[in-house]
Structure formats: C-alpha cells, structure tokens
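Analysis of the macromolecular model
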Amino acid sequence: MSRDPLLQPFQLKHLTLKNRIMISSHEPAYPEDGLPKQRYRAYHEERARAGVALTMTAGSAIVSRDSPPVFNNILAYKDEVVPWMKELTDACHEHGAAVMIQLTHLGRRTGWAKGDWLTAVSPSYNREASHRAFPKKIEDWDIERIIADYTDAAERMKMAGLDGIELQAYGHLMDQFWSPLTNTLDAPYGGSLDNRLRFTFEVLASIRRRLGNEFIVGIRYTADEMTEGGITKEEGIQISRRLRDSGMVDFLNVIRGRIDTDAALTDVIPIQGMPNSPHLDFAGEIRAATGMTTFHAAKIPDVATARHAIASGKLDMVGMTRAHIADPHIVRKIIEGREDAIRPCVGANYCLDRIYQGGEAYCIHNAATGRELSMPHVVAASERKKRVVVVGAGPAGLEAARIASERGHAVTVLEAASDPGGQVRLTARSERRREMISIIDWRMERCLEQGVDFRFNTWAEAADVTALNPDVVIIATGGLPHTEVLRKGNEFVVSAWDIIAGDVPPGSNVLVYDDAGDHVALQAAEIVAATGAKVEIVTPDRTFSPEVMAMNLVPYMRSLQKLDTTFTVTFRLEEVERQGNMLLARFGSDYGGVNKERLVDQVVVNHGTIPLDDIYFELKPMSSNLGELSQRQLLAGESQSIVRNPDGKFQLFRIGDAISARNTHAAIYDALRLMKDV
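These numbers were taken from a predicted model, which means no experiment stands behind them.

**Examining the overall build of the protein**
Along the protein, the regular secondary structure elements total 22 helices and 27 strands. Here the protein has a C-alpha radius of gyration of 27 Å; the compact-globule value for 678 residues is 26 Å, and the two agree. Here the C-alpha coordinates of the protein stretch approximately 75 × 65 × 45 Å along the principal axes. Each of the 678 residues in the protein was classed as buried or not, and the buried ones make up 61%. The contacts of the protein with a sequence gap of at least 6 include a subset with a gap of at least 24, amounting to 71%.

**Quick word on a negative patch on the surface**
A grouping of Glu461, Asp464, Asp614 and Glu618 is seen on the molecular surface, where their side chains present a negatively charged patch. Counting through the fold element by element, aspartate 614 comes out in helix H20 (residues 614-619). For aspartate 614, a relative accessible area of 55% gives the class exposed.

**Some details on the side chain of aspartate 515**
Turning to its location among the elements, aspartate 515 is positioned in the loop between strand S19 (509-514) and helix H18 (519-529). Not counting residues up to four positions away in its chain, the partners in contact with aspartate 515 are Thr539, Pro540, Arg572, Asn606 and His607.

**Details of the UniProt feature "domain: NADH:flavin oxidoreductase/NADH oxidase N-terminal" (unreviewed entry) in the protein**
In the UniProt entry, the feature "domain: NADH:flavin oxidoreductase/NADH oxidase N-terminal" (unreviewed entry) is given for residues 6-340. From the first C-alpha to the last, residues 6-340 spans 16 Å; its make-up is 37% helix and 16% strand.

**A few points about the sheet that holds strand S21 (residues 566-569)**
Judged by pairing direction, the sheet is parallel, and its five strands sit side by side in the order S18-S25-S19-S20-S21 without closing on themselves. One side of each edge strand has no neighbouring strand; the edge strands of this open sheet are strand S18 (494-495) and S21. By the bridge criterion, five bridges tie S19 to strand S20 (residues 534-539) in an arrangement that is parallel. By the bridge assignment, valine 510 is partnered in S20 with valine 535. Strands in contact with H18 are S19, S20, S21 and strand S25 (602-606); relative to S20, the strand with the most contacts, it is inclined by about 165 degrees.

**Quick look at the sheet that holds strand S27 (residues 651-654)**
Taken together, the five strands give an open sheet; going across it, the order is S15-S14-S13-S16-S27, and neighbouring strands pair in parallel fashion. Of all the strands in the sheet, just strand S15 (453-455) and S27 have a single pairing partner and so form its edges. Across this sheet, the average inter-strand angle for adjacent strands is 15 degrees, counted without regard to direction. Pairing of strand S13 (residues 387-391) with strand S16 (residues 472-475), which is carried by four bridges, proceeds in the parallel orientation. For valine 389, the partnering residue across the bridge sits in S16 and is valine 473.

**Overview of the packing of helix H13 (residues 395-406) against helix H22 (residues 664-675)**
Their axes nearest at 8 Å, the elements H13 and H22 cross at an angle of 25 degrees. Comparing the axis directions of H13 and H22 gives the class roughly parallel. Like other packed secondary-structure pairs, H13 and H22 cross with a definite hand, here right-handed. The residues of H22 that touch H13, namely those facing Pro395, Ala396, Glu399, Ala400, Ile403 and Ala404, are Thr664, Ala667, Ile668, Ala671, Leu672 and Met675. Its residues placed into classes, the contact of H13 with H22 shows 10 nonpolar, one polar and one charged.

Here is what the cut-offs are and how they apply
Residues numbered from 1 in each chain as written. Predicted model: local features only at pLDDT ≥ 70, side-chain atom pairs only at ≥ 80, totals over all residues. Heavy atoms only, no water. Helix = DSSP H or I, 4+ residues; strand = E, 2+ residues; numbered from the N terminus. Rg over C-alpha atoms; globule rule 2.2 N^0.38 Å. Buried < 20%, exposed > 50% of the residue type's maximum accessible area, 1.4 Å probe, protein only. Contact = heavy atoms within 4.5 Å. Patch = residues over 30% accessible without salt bridge, like charges linked within 9 Å, V, L, I, M, F, W, Y side chains within 5 Å. Areas by Shrake-Rupley, 256 points an atom, 1.4 Å probe, with all protein chains shown as cover. Salt bridge = Lys/Arg side-chain N within 4 Å of Asp/Glu carboxyl O. Lys, Arg positive; Asp, Glu negative; His and termini not counted. Charge placed at Lys NZ, Arg CZ, Asp CG, Glu CD. UniProt positions renumbered as here; feature names shortened; annotations may be inferred. Pairing = 2+ DSSP bridges. Axes fitted to C-alpha atoms, helices over the stretch in contact; angles between N-to-C directions. Parallel < 35°, antiparallel > 145°, perpendicular 65-115°, else oblique. Left-handed = near helix turned anticlockwise from the far one by under 90°. Nonpolar A, V, L, I, M, F, W, Y, C, P; charged D, E, K, R; others polar.

Written as structure tokens, this is what we have:
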C-alpha cells in the first residue's frame, strides 16, 4: 500500500473510491442531440482507465425543457439518455472508477430563444448579465413541475447504473432561490433563509422518496457569494449545516463566489496569472464546520497542492478537472512515480472559454482531449524507423519532434533562435501569462528523454536539411508579424511583437490597431499603458479581442480599465502619415460614410503573421510529395503516401503558422495528427 495521501481509498456511504482524486462535474460540450454518445464516453473512459477514482459527468445536465442548454448540455429529461449513460458508466466501472452526474435547472442562466423557446423562470424578474434572458417570476405550479423533473432525472441516472448524483446550486435555479439578490418571492419560498432553502429541501425529499436513502446524493453549492447583498460566509455555513442536518445529503462540493458575470465566473474558476487554489482554505472551513464529506475543485492544477489538500484534512476528495483535460493520465503517472512527466495545465482556459462561446472543450496543448476516438494520448511505436528533420522549435515543431521521437524515429530539430518556444516564449514574457512557457518546457523534457538532437542558433538552409539525409522534413518555422495592412504609411507603424519583445520602446500617446483579435494586441496595450501612456485600442470588428474570449478577457480588462485605456470598435485604420514629430492616423468604416482622424506618436499594428516559408519552397522541388498533404489520408488516420516526384529523397510537410496564422492549439493539433502516422 502506498502512503501517498492521494492514493488512499475513501469510503462514501457504501461506495469505496480507490483514491482521493476526482474530476468534478463539467460539461465539455461533446453531447450529440443532448446525449452522451461514443465521443463523450471515450473522453471519460480515458481518464477512468488511467486511474481516477471518480469522474463527474455533465456540468449541468438539464432536468426540464424550460431550462434550455446554453453549452450543449446533456438533456437528462430525455428517457433516451439512460442507455447512453449506462454505456458510459459501465465502461468507467470496468476500470474501477465511480461515475456521478450533476443535475440542474438553469433558471435564469439561459436564453429564451433556445430549445423549445420556453420562458426562463427564476424567483425574481432579475436578468442574469451573462445570458441576458429576462425570466418569468416562478409560480407555484412551476415549482411543483420542476421538483418532479428533478426526481425523474435522478431516477434515470439510477437506472443507468450511476453511483450517485450531484445537484447544482451556484448560479442556477436552486441557489437563485437561496440568494437575496435573486429571490424576491414572498413566503413560503422567499424571505427567511429557511424559506429560501425550501425548494432545495423539497427537491431532495422528493428524490429520496423515489430513490431511497442508499443512493448517493450530493450538492455543489456556493457557501459565500462574496457580493454585497448576497449569501455571506456566515449564512453559507448555516446553509451547510442545514444540508448536513437534513440527512438527505451525502457530500458537499463547495464553491465560493458568483457566476452571473464573466468577471465573477473567472474568480470562481481562476485562469492563468491568478492564484492557484484560492478557495481551498474556505472549503476546509466548511468541512471543519460541518464534519461532512467535502469535495472541492478550483484551479488545483498540480499534484503537490492536491496532496496538501488531502493530507491537511481540508478535503476528502480533490478535484483536478482542467488538469485532467490537459493530462488524463495524472493518477497513473503518480502511481508510477513519474509526476514530472505529467503534462501541466497552464491555466490558459482555452477549454472553458470555448464552451462559454458555444464551442467544444479543447486543451490548448493536448490536442487528443475531446478527440479520443481519433487521436491517441500515447502514440504507438512505428514499425519502420525514419530520420526526421524538424525546422523550428516552437509549439508545432516541438510537438512534431516529441511525437516522432516517441514513435522511435531519429529526430533532429534546427532552430534559428537560442531557445525554443517561438511565439509562446514571447507570450510568456507577460507575468500573467508566464505559465504558457510550460507548454514548451514539457515538450523539451520529453524530447530530451527521447534523445532528440537540438541544434539552436542555426538558421537552416536547404543544404543544411538535405545534408542530414532525412526521410521526412517538417517545416514548423512559424511566421513573422504582418503589418503591411494600410493603403498608405505602412513604414510608420510598428508591430505588437516589437512592443512585447522590447525591441521598440512604447510611445506616450499610442494607437493600437487590432484586427486579429487575439492576445497579442492586449498584451502590447498593457505594456504601453503601464508606462503611463495614453492608449486607444481600435478594431474594425463589432467587438474587440473576439479570439481572447470571455474569461481570458477579464484580467486584461481589470488592468486596462484601471490604466484608462480607450476601446473603439467598428473603425478600420486606412492611412498613417508623418505630421511633424507626430503621426496622423486616418480611419474609415466598413459600414461606410464615416471618417475619423487621430494624432498620436506611435501606431502599433496587430494583424497576425505571414508564414516564414522560404525554406519550404526551397525544399519543395527536392521532395517526393512536392509538399503535398493528402487531406483524405490525414483525416482517415493513414500514413501519407503521395509521390509526385519519384526522384525526391524525402517527404516534406508544413505545420502551424508556417502554413497560416492560427493559434497554439491548431499548431499542436497539426503536428499530432500528422506525426502519429509517420
């Protein structure tokens, strides 16, 4: 038996959890027709196979039709959900993992123009800022119906063989009853704390009557809204004790804060640059105050913190949810004594930000997550060993080198810079985004373990590549900033990269023109604004920084608003000309008929990158495939076999920004899906 606190079993009622690590309820937005089909099952089974004790499915499986899903939730009100949930549960049980699901009614946290176009309901008329629906004030017959819906959904989960359920009470209907900020009802469901809790206890009582006392039922809830007029810490402790004393709740899963705005949500689920485990001590206080089995998850990305959470008695089960999105094999690597090989969660929050923008959860640097049916988390060895040359040691190049070396190929990487990383290394210069460098460091460590030959400070020419007698050449040279975007005056602008790298000092009255919409413009603006300069960010888009997405935007806004930065949308920079020692910037609008001017001393442009692809075109006529990629073979998971030039000595491919400006995830995905079959 291991003495590691994380590897000790835990008894929850009749259920033995084989260790203390869990994946908390979350919705990766993989359902099809509201059902957790093969893709959903494969995602959870991968983590169960690797040793996690408990996987919580479905952040917010929907119990009622008037709670339409806002991020492709599982529809627990459908009878058809039962066989799919049973298939998922059986698959995880085969690997010794317990399975639970979170059930909810979203209340006002949805939109009326979704699903069946039924009116949202809530204990007040107050609209939630994030989802914008004005709810109907809930009536007694709504309450009666929704209690029945909760009970029916819980029964479906028991029929599917799940080990338990968790009710959601933060930001959703249940705690919309709890909070004085969202409950304006009269008695018996409004007013006193007991009245505000009545709906929750009626739901619990109904579930217990139907399912009995043995079935495991927990609740994930906010015990402190940290907002004036909301649930206080003292009231949260009272709620916790009432839940305990009811005898109907088997575990508490503690949250702190609110989720009704982007900023509030980001404090509940912190991203990179924000403190790790900010609510862990608070969860420990709830456990101490109640003596209840306590779960918690909120930016606990590393094994050391998770181990402390258990060893110190703050938690009974520790949630490492985004960490398992980055690396599903955390528990296996702990057991094997290979914690240093765990792929780190860098807190980029690409996963959750995509969900809240209507997409699917993908990890910024594990392209196999969510693609378990087609992409391996561990690549198989190749039957034929090849010599692979990779040009460029950014995220795409390092991923290509990692996969190729793990398949047993001999790999050489040529990199012009003195260090690996490319644009990620530049990004990590920001103190708030320094965790991004772990994307590079982790790959370097894996490559060095596999004996990859790195040659830095090497500006690769075609002759340098061919001298290595490669079988396969991967061009991962990335791109250079594209600033030639104006009708006139391109010579007067500098790139956002120039500012971030420190190659150009910031001006004192600066225009940042951004029509790429990614992190780069905001990082540059923050650097300039921090000097005390006047900064205006202008974009031709109808919103600024759309690629940054909601939760990642929060820290930038908190910083830039304090620095008095101006944001201007729907104007396109067309010309810049010198006017004395200043620059005159002229704008038009895609909507027509409007022109503006600004007099500044510096114009910073963010317009993505142009591929740095000279070496690709030099090598192309020497290659057997003339650089051609078979999309059919790529998508089918087959080896590339195109031959356009029988005299060619090697296959040649481009990946990442050496093809076109995209993002880190796209670059890594390019490398994984190509190299896994080389």
